[in-house]
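Overview (structure and organization)
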Amino acid sequence: MIRFLKQREVMLLAIIAIIVALVTTRSAGFGTPRNLIAVFNDTAVLAMLACGQLLVILTRSIDLSIAANLALTGMIAAMINAAMPGVPVEVLIVGCVVVGGLLGAFNGVLVWKLNIPPIVVTLGTLTIYRGAVFLVSGGTWVNAVDMSDRFKDLTRFVFLDLPMLSWIAIVVIALFVLLMARTSLGRSFYAAGINPTAATYAGIDVGRTKFIAFTLSGMVAGLAGYLWVSRYVIASVDVARGLELQVVAACVIGGVSIAGGIGTVGGAVLGALFLGVINNALPVIGVSPFWQMAISGAAIITAVIFNARGERKRGRIILKSAEAA
Amino acid sequence: MTDTTSNTPHRHIPDRLDNPVKSAIFSWETLLVLVGVAIFIANAFASPYFLNEWSLSDLTFNFTEKAVIALAMALLIISGEIDLSVAAIIALASTLTGMAVQWGVPTPGLVAIGVGVGLLCGAFNGFLVTGLKLPSIVVTIGTMSLFRGLSYAILGDQAYGGYPGDFSWFGQGYVWWVVSFEFVFFVLAAIVFWFMLHRTNFGRRIFAIGNNALAAQFSGVRVNRIKFVLFCLTGLMSGIAAVMLTARLGSTRPSIAQGWELEVITMVVLGGVNILGGAGSILGVVLAALIMGLVTFGLGLLNVPGIVMSIFIGSLLIVVIALPILNRLWRERRQ
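These numbers were taken from a predicted model, which means no experiment stands behind them.

With that settled, consider the overall build of chain B. Along the backbone of chain B there are 15 helices and two strands. Since a compact globule built from 335 residues should have a radius of gyration of about 20 Å, the 21 Å found for chain B is in line with a globular shape. In terms of principal-axis extent, the alpha carbons of chain B reach across some 65 × 55 × 35 Å. Among the 335 residues that make up chain B, the fraction classed as buried is 48%. Once local pairs closer than 6 in sequence are excluded, the contacts in chain B between residues at least 24 apart make up 79%.

Residue and element names in this part refer to chain B. Looking at chain B, the pLDDT average stands at 88 and 93% of residues meet or exceed 70. Here helix α1 (residues 20–25) stands out as the least confident element of chain B, with mean pLDDT 69; helix α12 (residues 223–249) is the most confident, with 96. The low-confidence segment residues 1–6 (pLDDT under 50) makes 15 contacts with residues lying over four places distant or belonging to another chain. In the model output, the complex is listed with pTM 0.86 alongside ipTM 0.81.

This part takes up the interface of chain B and chain A. Each side of the interface is counted separately: chain B has 49 residues, and chain A has 47 residues. Elements with a minimum of two residues in the side of chain B that touches chain A: α7 (136–155), α11 (213–218), α12, α13 (260–270) and α15 (306–334) of chain B. Here the side of chain B that touches chain A is composed, by residue class, of 32 nonpolar, 14 polar and three charged.

With 212 residues, the main nonpolar core has Ala50(A), Cys51(A) and Ile90(B) as its most contacted residues. Once you skip the residues sitting within four places of it in the chain, Ile90(B) turns out to touch Ser238(B), Ala241(B), Ala242(B), Leu245(B), Ile256(B), Ala257(B) and Trp260(B).

Residues and elements named next belong to chain B. Residue placement: Ser94 occurs in helix α5 (residues 86–102). Residue class for Ser94 comes out buried when judged on the 30 C-beta atoms lying within 10 Å of it. Residues Ser94 and Val111 lie 17 residues apart in sequence; the distance between their C-alpha atoms is 10.0 Å. For Ser94, the contacting residues outside a window of four places in its chain are Gly114, Ala242, Leu245, Thr246, Thr252 and Ile256.

Attention now goes to the confidence of the model for chain A. For chain A, the mean per-residue pLDDT works out to 87, and 93% of the residues sit at or above 70. The spread of mean pLDDT over the elements of chain A runs between helix α1 (residues 2–6) of chain A, the lowest at 63, and helix α11 (residues 206–232) of chain A, the highest at 94.

Moving on, we get to unusual backbone geometry. Positive phi, normally seen in glycine, also occurs at Val233(A), with a value near 40 degrees. Mapped onto the secondary structure, Val233(A) falls in the loop between α11 and β4 (234–235). With 17 C-beta atoms counted inside 10 Å, the residue Val233(A) sits in the partly exposed group. One non-glycine residue with positive phi stands out, namely Lys133(B), at about 60 degrees. Following the sequence through the fold, Lys133(B) ends up in the loop between α6 (107–131) and α7.

Thresholds, definitions, all that
- Residues numbered from 1 in each chain as written.
- Chains lettered and ligands numbered in written order.
- Predicted model: local features only at pLDDT ≥ 70, side-chain atom pairs only at ≥ 80, totals over all residues.
- Helix = DSSP H or I, 4+ residues; strand = E, 2+ residues; numbered from the N terminus.
- Rg over C-alpha atoms; globule rule 2.2 N^0.38 Å.
- Buried ≥ 20, exposed ≤ 12 C-beta atoms within 10 Å, placed from the backbone.
- Contact = placed C-beta atoms within 7 Å.
- pLDDT = per-residue confidence, 0-100.
- Nonpolar A, V, L, I, M, F, W, Y, C, P; charged D, E, K, R; others polar.
- Core = buried A, V, L, I, M, F, W, Y, C linked by C-beta atoms within 7 Å.

Quick look at the structure:
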């Protein structure tokens, strides 16, 4: 029982419930199902991206290019829609996933074949993809008047009280749960991260596993590109700037170890929900939304400290201070 | 930076050592000098406004603030750590300096606050990494968000201005003729850092830590203390850069120096510092800073927008790291 309560997912869920309860005492409307659905819908994109990032972090990598990927695919989708409203939105969505996947695969190839550290690769592609949005759009916007109604309405269509955006997020999260728990590919992400040498001996190609993780993360970012543009009805160079840090924060808060091999889909999603609840609660309790960034920074640092305490290896220590180095 | 276990590089043991003259000619630094000269000549041909002492002086403003941070960042990366929060430190230091202006603090106080805040932020990073033994990538992603977030929390959508006239000298002043204070400071700092890294025990220890921290620890090197000092140094240089940038712009917004961490790291890596630690030189970083200054200034003279330049810098970062690896793979295949 105590072990169950000490699990990161259970603790996070409890913390989120406490925050919701506390905010509800200040403002009665916050805890209503209607508002909670709105908060979930608001966090849907972040939660999906966190699932993609989870795979990448599990394999001891990091993908900082997802927000730029999102902006680029979203811009391409919006421009095609503005130029050719006849193209079905479903085709655009598939196109977004493919383009996003290709952008992710580019990161993956550099990490896999050239062995460049992931942080360097994705810092580079982050600026390249963001700059490409400018090149593609010429620095202009695509907004509500240019988009077709169906393009805008798809994410808003309500089914069983939940908007389509939330349903899509739920389906994506469910697919990730299945992937991680029920397929050998899912298990190989853990194996490649926790001990790459052992994984290699077990017949897992660690580089290829990283490549797949980056590609999947890119595909999610591509899908999120359409969803973002459709939800906020704006595509511009500055869309989702800095979102990659929120996504990494969601993972770290959800107990995903930055050293690889440790983390769950549930944790990443709850980490995203934690940030979503905080971001939505701030204006309600009268704190300036400009505090958001500082709070998520503090949350990242606190979570990393917690994670490190849980992960410290309990091995034989020969020289105590050497363990630190 | 954590992933070194899975792919140990092949070690070649040569039967004779390289000729020092030959290895100097084929070094990374020589290549950088050639590239720099080529870009300089290309700039001179591309724009009639380039070869002018004031243009060249303006060019130095383009990169000195970033280069000053890159000097310290090089040491940190050689030791096997990284600091992604440097641009956020600039934002926070600049914001608190701007706040002090509103309280009527005179210029020496403003400089002390800017530099001091930088040092404190660096010490905070250093404490988290060495004291609590956390990975530097994720710690500095966190503090990057925290420091810039604080400056957003303080300023919101406002801006600080009204810096005193003599304060602006640190960003706009000239020591002699067209030689700016910023450039003189950069040159002096480069000499100090060169001496520190290549001519002192401290520098040798940084290389030792970067190559094998555990072995260094067993050899009596105080790994954590040196890493802590390097984080403080990086923070200090970011604070100095914050003073120079704030003085040059004459105003502070929370979005100041956005994305600079990338350019600083690109400078360091372009300068031949191994991103996994253990190798690098200050001369290389200085040359890389000059090249990036030349490129961005040259593109600016040709009216290329900033965001397009950033594509160029991002590609440069990847290509510069990829080329030596491709070269090695190609040679291994031939053997």
